[in-house]
Each structure stands twice: as C-alpha cells, then as structure tokens.
Amino acid sequence: MTIEQNMLDALIQHQVYSYRASTKVVNELNADFVSATNSFSNTLRDLLDSLTDAEKEALTQGKYTTDTLREVKAAFDEWYNFMYVSMPETFAVSAVALATYEALYVSKLYGEEVELSGTKILANAKKTPVIGGQLYDDIWRTLATSTREKALYAVRDGIDQGLTTAQIVNQIRGTRTKVGDKYQYVGGIASDLVGEGTKKGAIDAAVRTIRSHVATTATNDTFEALGFDYVKFVSTLDGRTTKGCANLDQTVWKRGDKSIVYPPRHYNCRSILIGVNKDG
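How each quantity is defined
Residues numbered from 1 in each chain as written. Predicted model: local features only at pLDDT ≥ 70, side-chain atom pairs only at ≥ 80, totals over all residues. Heavy atoms only, no water. Axes fitted to C-alpha atoms, helices over the stretch in contact; angles between N-to-C directions. Helix = DSSP H or I, 4+ residues; strand = E, 2+ residues; numbered from the N terminus. Parallel < 35°, antiparallel > 145°, perpendicular 65-115°, else oblique. Contact = heavy atoms within 4.5 Å. Pairing = 2+ DSSP bridges. Phe/Tyr/Trp six-rings, centres within 6.5 Å; stacked < 30°, edge-to-face > 60°. Buried < 20%, exposed > 50% of the residue type's maximum accessible area, 1.4 Å probe, protein only. Lys NZ or Arg CZ within 6 Å of the ring centre and 35° of its normal. Expected span 1.5 Å × (residues − 1). Left-handed = near helix turned anticlockwise from the far one by under 90°. Nonpolar A, V, L, I, M, F, W, Y, C, P; charged D, E, K, R; others polar. Polar contact = N/O pair within 3.5 Å; in protein donor to acceptor, adjacent residues only side chain to side chain.

Chemist: In this structure, what is going on with the packing of helix α5 (residues 136-160) against helix α8 (residues 202-225)? I would like to understand it.
Modeler: For any two helices packed against each other, one specifies the inter-axial angle together with the distance between the axes. Remark: α5 packs on α8, axes separated minimally by 11 Å, with the N-to-C direction vectors making an angle of 175°. On the basis of their axis angle, the class for α5 and α8 is roughly antiparallel. Across the interface between the two elements, Y136, I139, W140 and L143 of α5 pack against A202, I203, A206, V207 and I210 of α8.

Written out as structure tokens, the structure is:
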C-alpha cells in the first residue's frame, strides 16, 4: 500500500471518528434543550391556567393585551432565545476546538505543523453556506423560529378546540414515556428536536452538519496554507452513502474553480475535500 493511500485511509477513518465524536456535543445540547423546555412548559402551564376566558380569546387572535398575556409572549421569547442564542453559543465552544484540532491533525498528517486559529476558521465557516444556501446562523434561526411557531400555533389551536392545559403542554413537550430502560418525552413538538427512541432529532442533524462544515473549512484552509492548488472530493462509501456523494467521489478541481462542491452536500453528510496534486 502506498504512502498516499495510507494518508487517504487515515483521513477517511478520521472523518468517521469525527462524525461519532459529534454525538457528545449532540447529547449535551439535547440535555440543555430538554431542561430549557421543561422550564418553559412549566411556566406556560401556570400562565395558561391563570388566563380568563377573555384572555384566552385574545391569545387565539394573537393579541397580548394584558400583563399575563405579555408574560406568555415573554416565555415564548425566552425559549426562542435559548434555541437561537444560548445553544449556538454552547456549540461554538466545541466548534472552535474542532477547527483547531482539524487544522493541526491534517497538517501533521502531511508532514508539517500549521497553526491556524480555530476562532478565525469558525468565522470563515459562518461566511459561506453550510447546505442548500443556508448559512451557519440561518440553521439555528430556522430551528428556533419553526419550533416557536409550531408551539404557539398548538396553544392557539388547543384553546380554540377546548383542550385542557395539560393536553396543550403535552402537544408541545410530549408525553413522558418509558422507552427501553429510560423515560423520555415523545409525541411532542419539542421531542421532535431531541429525537424519540432510535430516531434522531433535528438538533442531531443540525449539529453534525454544521460540524462537518466547520471541519471542511478547517481542512480547506489548512490545505491552502500547505500550498495545495487542487482539491479532491472523497466520499465515505458504504450502505448509507447518497448517490450524489458517490458520483462525486474522486472528482478533482483546481482551487478557485466555481464548480467545486464543498461538503456537506446534505444533512449528516460524511464526505470530505482533501488537498491533492494536479493528477489527484
């Protein structure tokens, strides 16, 4: 086996390990989100129980005309800010560490030691689309906005349909259910973000995809610093590889080519872009 093949195998194996390492970050954010959602749900339950019939009617019309209704709105805003501000801030700490490690790993693998700032790499990653035109901040904003709106609509519809407060809160948080040997909330708007049973949630997909984007930015910046003028798309080929990634495998571009396809191509993408010579 050639040195080049050994290096390629090492990079692919490293990508697989990096994907698995994302699980720790996912679990931490999931736990933080569950805690914030429990606090929000408890506050919302108490507020909904205290609403008068007139206030309930106003809420279904999207009006916040009393102190209690404004507290309802504030509770939703605080939950939204946790998803859009606090979660990304927590994630950024691990993202900077990831970027720093990726740059050092790749440079050492290629026989040199290039020191790049993880903070600057993350800043660069935020300037380019992660997937489907969405920027780093867009993914967090979309996640927070969609979740808040679904929850708010569930409250309005629940009141309009005459549901109890407990039923409305369950639609948002989910119902506490034993899954395997653990209890978790299932069947709710919030539980869709965390995942239910073996099904992964939206937080998992967002974290792994953004980390892949940060890692790609780190390796791309490193290969540029190492002086590589060409890049090659390398797919992790197994039963989960998408057709698009498989078709791009081994494609070589000159740096600066507008047709370069940067991973991730899709959510949970495991493909990588490596520096190569003109012959690939």
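Chemist: Would you take a moment to explain the pairing of strand β2 (residues 182-186) for this structure?
Modeler: Within a regular beta strand, the side chains point alternately toward one face of the sheet and then the other, so they alternate between its two faces. Across five bridges, strand β1 (residues 175-179) lies against β2 in antiparallel orientation. Its bridge partner being in β2, K178 is matched across the sheet by Y183.

Chemist: Help me understand the packing of aromatic side chains in this model?
Modeler: For the structure shown, the criterion picks out 11 aromatic pairs. Between the aromatic rings of F91 and Y136, the centroid separation amounts to 6.2 Å while the plane-to-plane angle is 50°, which identifies the pairing as tilted. Here Y136 lies in helix α5 and F91 lies in helix α3 (residues 67-109), a separation of 45 residues in the sequence. Exposure remark for Y136: the relative accessible area of 1% places this residue in the buried category. Judged by centre distance (5.1 Å) and plane angle (80°), the rings of Y110 and F223 are edge-to-face. Taken together, the positions of Y110 in the loop between α3 and α4 (118-125) and F223 in helix α8 put the pair 113 residues apart, joining distant regions of the chain. Y110 gets classed as partly exposed once you look at its relative accessible area, which sits at 22%. You can call F223 buried: its relative accessible area is 2%. An aromatic cluster of three or more residues is present, and its members are F33, F40, F76 and W79. For the cation-ring pair, R176 lies above Y183, with the distance from its terminal atom to the ring centre recorded as 4.4 Å.

Chemist: Looking at this structure, I do not really get α5. What am I missing?
Modeler: One turn of an α-helix holds 3.6 residues; hence residues three or four places apart share an orientation. Between its first and last C-alpha, α5 extends 37 Å over 25 residues, near the 36 Å set by a 1.5 Å rise per residue. Every buried residue of α5 is accounted for by Y136, I139, W140, L143, A144, T147, A151, L152, A154, V155, G158 and I159. Within two residues after α5, G162 carries a phi angle of roughly 80°, on the positive side.

Chemist: Help me understand the packing of α4 against α8, please; the structure alone is not making it clear to me.
Modeler: Contact pair α4 / α8: the axes reach a minimum separation of 9 Å and the direction vectors enclose 115°. On the basis of their axis angle, the class for α4 and α8 is roughly perpendicular. In the packing of α4 onto α8, the handedness of the crossing is right-handed. Where α4 abuts α8, its residues I121, L122, N124 and A125 lie against H213, V214, T217, A218 and D221. Per-class residue counts for the contact of α4 with α8 are five nonpolar, three polar and one charged.

Chemist: Teacher, can you tell me more about the environment of S107 here?
Modeler: Locating S107 in the fold gives a position in helix α3. Taking the relative accessible area as the measure of exposure, S107 reaches 0% and is therefore buried. In this structure the C-alpha to C-alpha distance between S107 and T222, which are 115 residues apart in sequence, comes to 6.7 Å. Every residue in contact with S107, bar those within four places of it in the chain, is listed here: E112, E113, V114, T222 and L226. Looking at S107, its side chain comes within polar contact range of the main-chain oxygen of A103, at 3.1 Å.

Chemist: Sorry if this is basic, but what is going on with the sheet that holds strand β6 (residues 252-254) here?
Modeler: Adjacent strands of a sheet pair through backbone hydrogen bonds, lying either parallel or antiparallel. Read across the sheet, three strands follow the order β6-β5-β7 without closing on themselves; strand pairing throughout is antiparallel. Every other strand in the sheet has two partners, leaving β6 and β7 (272-276) as the edge strands with one partner each. Here the strands of the sheet are splayed against their neighbours by 30° on average, with no regard to which way each runs. In this structure, strand β5 (residues 230-234) lies alongside β7, joined through five bridges in antiparallel fashion. Among the inter-strand pairings, V231 is bridged to a residue of β7, identified as G275.

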